[in-house]
Amino acid sequence: LNVEFALIHRARDGKSKSERMDLLVGDVKDKVAILVDDMVDTGNTLTLAAHTLHEKGAKSVHALISHGLFSETNMSLIEALPIKELVVTNTIPQRAHASNCSKLRTIDISPTIAESIRRTHNGESISLLFGELAESREVAVL
């Protein structure tokens, strides 16, 4: 990708049960930060990470999340976070959440999953699929 890298770490204090994020590697000051995580359920990690990146001087923060569960998340809290947009895949329906959060964008990954299944069934390479998708830059936003 030829981009700079930063790593944040979630630390929990076992005694007080407080949590914080520490920027372990990299510098986000005056840069666009892309926050990547596998899933959001409660939104606690997303909240901590977004505030940490903002406090460390990120010019803007975008979140890319594979699975937006949001089972215990108040979407108005997401709306108030210092992020420009929250992009999730359609592995979980997002219609109800999208109506409560203008920052939420959903991308359709069904063609990628279908092609992965087809390739697996035919004994073809799945890793090559992701190179082809990156080159085509075709992503449907729902």
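A brief structural summary. Since the structure is predicted, the reported quantities are computational estimates derived from the model, not experimental observations.

Rules of the game
- Residues numbered from 1 in each chain as written.
- Predicted model: local features only at pLDDT ≥ 70, side-chain atom pairs only at ≥ 80, totals over all residues.
- Heavy atoms only, no water.
- Helix = DSSP H or I, 4+ residues; strand = E, 2+ residues; numbered from the N terminus.
- Buried < 20%, exposed > 50% of the residue type's maximum accessible area, 1.4 Å probe, protein only.
- Contact = heavy atoms within 4.5 Å.
- Areas by Shrake-Rupley, 256 points an atom, 1.4 Å probe, with all protein chains shown as cover.
- Lys, Arg positive; Asp, Glu negative; His and termini not counted.
- Charge placed at Lys NZ, Arg CZ, Asp CG, Glu CD.
- Patch = residues over 30% accessible without salt bridge, like charges linked within 9 Å, V, L, I, M, F, W, Y side chains within 5 Å.
- Salt bridge = Lys/Arg side-chain N within 4 Å of Asp/Glu carboxyl O.
- Polar contact = N/O pair within 3.5 Å; in protein donor to acceptor, adjacent residues only side chain to side chain.

Right, let's talk about the overall build of the chain for a bit. Broken down by element type, the chain carries 5 helices and 7 strands. For the chain, the succession of helices and strands along the chain, N to C, is β-β-β-α-β-α-β-α-β-α-α-β. When the backbone C-alpha atoms are referred to their principal axes, the chain occupies close to 55 × 35 × 30 Å. Out of the 142 residues belonging to the chain, those deemed buried represent 27%. Within the chain, contacts between residues at least 6 apart in sequence are counted, and of these 50% link residues at least 24 apart. Counting only carbon and sulfur atoms, one obtains 55% of the accessible surface of the chain, whose full area is about 9,400 Å². Put simply, the chain has 16 plus and 19 minus side-chain charges, and the middle of one group is 5 Å from the middle of the other.

This brings us to a nonpolar patch on the surface. On the surface, Phe-5, Leu-7, Leu-24 and Val-25 cluster together to form a nonpolar patch covering roughly 390 Å² of accessible area. Mapped onto the elements, Leu-24 comes out in strand 2 (residues 19-25).

With respect to the helices, strands and loops of the structure, Glu-124 is situated in the loop between helix 4 (110-121) and helix 5 (127-136). By relative accessible area, which is 36% here, Glu-124 ends up partly exposed. If we ignore the near neighbours within four places in the chain, the residues touching Glu-124 are Arg-118 and Arg-119. Only 2.9 Å separates the side chain of Glu-124 from the side chain of Arg-118, close enough to count as a polar contact.

Tracing the sequence through the fold places Ser-116 in helix 4. A relative accessible area of 15% means that Ser-116 is categorised as buried. A distance of 2.9 Å separates a polar atom in the side chain of Ser-116 from the backbone oxygen of Thr-112. Among residues more than four places away in sequence, those in contact with Ser-116 are Ile-126, Leu-129 and Phe-130.

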